[in-house]
Structures are given as structure tokens and as C-alpha cells.
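# What the coordinates show
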Amino acid sequence: MIPAYVIERLFWESRGITIQEVVYLEMVYALIIVLLEVPTGVWADHTARRRLVQIGVGLEWLSFVVILYSFTFTGFFVAISCSAVGSVIRSGAENALLYESLQESHDASSFEQVLGRLNAIGILSAVTAALSGSVLAQYLPLDWNYKLSIVSLLIATVCSQFLVEPTQREMEERLTWRHLFKGFQFVWSNKSLRHVTISFLAAVSAFNFIDEFWQLYARDVSVPIYWFGVISSGLLLIQLPGQLFAGTIARFAPSERWLKRFGWMMGGGFLVIGLFPNPIGIGVMGLLALLYGTMEPLYYGLLHHQVPSSIRATTESSVSMLWHLGILLFGVVFIIGTTGSLFLAFSIIGVVVWIVHATHP
């Protein structure tokens, strides 16, 4: 549980961090991901993946310690950098570890279902954190949420020590610079996978700005702060059906088809939120969260069922790098939009998502 997330933007604002500086920090986070994502993915394919997961969780804990004592942009920069490095080290390694653990027990076909269930457990934990965090924010200083988050992440760091590495893995003996490009080559060489990847990344990169700025949107449409815990919980809980039943709906139509339809709907939702700012926009954000929850296991299932084990973490890390590059580019668009208003920024993002889907049918 991370209780701090429910009041994160408000806490940052109380420490003097402006909306523009938040976006700059998001761009720093994305830039670190872009630079380190693929090298760490290659590393995960040539070493014990559980070890990288352990290091990543530990760095996430450290980032919360730093942010708790930060009152300047520089301090937040250091904290975000620690979080980004921790995230990039875990990226690729986590799902690769999961897939090959299932493969070793001859149950790889259930990957989407298991991934969805694990994500659902994470969502339920986050809901508990959001509800408790909003209540604490009413009666205690905002930094209490960060103190509880530090304890939570410390427990996660200890638990990660009990992960088990699969005994059977395909590994290439010699590590060369060519490994940095193998993930991209794999995705690019498959035309269908390439198009669905680009469409998927546009939609999920855009959703990042719902996740990051719904609090400010809610404030600007006059939603009282005591509703924030309910809203945060709702945006998380509504992802559960998608996470749990993504494997089921894939039986009725190919994942590619679902992902493209959901991407069009994601762009349309952003336009509604931006063009018609009112409390109903929070409900539209909920529908977008439902789509997001469905798209993630659908896409990663589609990817992992095709990618070879020897470049599994490398390929997912390559996709993750493109994802954060998308966030970086959308960040530029968002900053331009916020010179007018927050609502204009959401509208522009919706248009961009539609353009990407129109050019990658």
C-alpha cells in the first residue's frame, strides 16, 4: 500500500512544486526510462531477474525517504531519479520472471489471467491506501502519508528477498551491443504487432496524464477534497474487471482488435473531459481507467506469447522505453496546452491519440 499517492499532487504543491514543474519531473522520469530501459532489459536477460526486482524495490523505498525531506525542485529531482532507476531496473524483469515461472510449470497460456489477478491485488491494495490516505489527510499533516508509504515499501523490499528464479531459461552466452536493438527489431519486423504496439502506446501514454492530474481537474471543477479518496479508489477499482477478464474477452475476438477499439475510445474520452469540464468528467475518467485496465494484460499477453525467452525482458523493456518516450512527447504537448488551461491540455491529447490511431489502422 502507498497511501501517499492519493494526496501526491497536493503534497507536492504544498512544497512549492508548480504544475509545470510536475510535468518537468515527469519528463525527467520518462527520460531516465528512455535512456536506461533497454540496457537494463538486456541485463535482465543475462542475469538473475529476481535480483533486479529486489534492487528496484529498494530504490523505490529510497525515493520516498528523499521526497519526505525535500522542499525544493532539486530534492524532488533526486527522489524522482531514484524512483525512475528503480522502476527501470524492475521493468521487463518482473513479467519475464512471471512468464517463465508459469512456463516452467507448463501453464504459460494462463499468463494474461495471472497477470490480471496480480494487477488486481495491487489495485485493491492501492484502494485501501487511497481510502486510508484521504482520511489521514483530513486529520494529520500530509507527510504522514509518506511516512506510512516508507514503511510499506520497506516491507515490500524484505518480501522481495523470497523470490525464486526459474531453473530453465534460454540465454545467449555472449553479450554484444546488438542485444540493445533485438527487442525493437522483433516488434518492428512484425507489421501487425508494430501497428498495435504504436496504437497501444499512444493510448496508455495519454492515460498517464489522467493518473497524474485528476486531482487538479477535480479541484478545478469544484469537487470537495473529502471526495478525493473515493475518486482515487473508484479510478483504481474500475480497472479490476478489465484486469480480471482480459483473458476471457480475448477468446471472443483477437487482442489486436480489442486494443484498437479501446484506443479510439481513449482519445474520445480525453476530448469529452477537455471540452466539457464538469464533475461528470470524473466519471469519464473512470471509463478510461476501465479501458486502461483491460488494455495492459491484453497487450502484454499478445507480446509474451510471441517473443523468444532469450530476449523476453529486452523486448518488454524496449516497449516500456517507447511507452515512456510517448509520455515524454505527450508531456511537451501537455505543457503547451496548460499555457491555456488544464482542460485545453486534455483536449489536445485526445486529438493526438486519434491522429495516431488514424495513421496506424
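First, a word on what this report is: a plain description of the structure on this page. Just so you know, the residues in each chain are numbered from 1, in the order the chain's sequence is written. Note on the predicted model: pLDDT of at least 70 is required for a residue's local features to be given, and 80 or more for side-chain atom pairs to be given and counted; whole-chain, interface and lining totals, by contrast, use all residues. Hydrogens and water molecules were not included; the side-chain quantities draw on all heavy atoms of the structure.

To continue, consider the side chain of Gln-54. By secondary structure assignment, the location of Gln-54 is in helix α3 (residues 49-68). Look past the residues within four positions of Gln-54 in its chain and what remains in contact with it is Ser-160 and Gln-161. What counts as a helix is a DSSP run of H or I of at least four residues, what counts as a strand is a run of E of at least two, and both are numbered from the N terminus. Contacts: residue pairs with any heavy atoms within 4.5 Å of one another.

Moving on: helix α10 (residues 228-237). Summarising burial for α10: 7 of the 10 residues are buried, a large majority. Any residue under 20% of the maximum accessible area for its type is buried, any over 50% is exposed, and the rest in between are partly exposed; the area is computed with a 1.4 Å probe on protein chains only. All of the buried residues along α10 are Phe-228, Gly-229, Ile-231, Ser-232, Ser-233, Leu-235 and Leu-236.

Below, the discussion takes up the nonpolar core. With 95 residues, the main nonpolar core has Trp-12 and Phe-346 as its most contacted residues. Considering each element in turn, this core owes the most residues, 15 residues, to helix α9 (residues 191-220). Leaving out residues up to four positions away in the same chain, Trp-12 has contacts with Ile-17, Val-22, Leu-25, Ile-67, Phe-76, Ile-80 and Tyr-146. Here, the term nonpolar core denotes a set of buried Ala, Val, Leu, Ile, Met, Phe, Trp, Tyr and Cys residues that are joined through side-chain atoms within 4.5 Å.

Another aspect to go through is the packing of aromatic side chains. In this scheme Phe, Tyr and Trp rings, the latter by its six-membered ring, pair at centre separations within 6.5 Å, and the angle between planes marks the pair as stacked below 30 degrees, edge-to-face above 60, and tilted otherwise. Taken as a whole and judged by the stated rule, the model has 14 aromatic pairs. Consider the rings of Tyr-217 and Phe-343, whose centres lie 5.4 Å apart with planes at 85 degrees: the pair is edge-to-face. Of this pair, Tyr-217 sits in helix α9 while Phe-343 sits in helix α15 (residues 342-359), and the two are 126 residues apart along the sequence. Residues Tyr-217 and Phe-343 agree in their burial class; the two are buried. Taking 6.0 Å as the distance between ring centres and 45 degrees as the angle between the ring planes, the aromatic pair formed by Phe-270 and Phe-346 counts as tilted. Pair noted here: Phe-270 is in helix α12 (residues 255-275) and Phe-346 is in helix α15, with a separation of 76 residues, a long-range link. Of the residues examined, Phe-346 reaches a relative accessible area of 0% and is grouped as buried.

It is worth spelling out the environment of Tyr-300 at this point. Summarising the element assignment, Tyr-300 is placed in helix α13 (residues 280-304). Note on Tyr-300: relative accessible area 5%, which makes it buried. Counting along the chain gives 205 residues from Tyr-300 to Asn-95, while the straight-line C-alpha distance between them is 8.7 Å. In contact with Tyr-300, other than residues within four places in its own chain, are Asn-95, Phe-111, Leu-115, Glu-316 and Trp-323.

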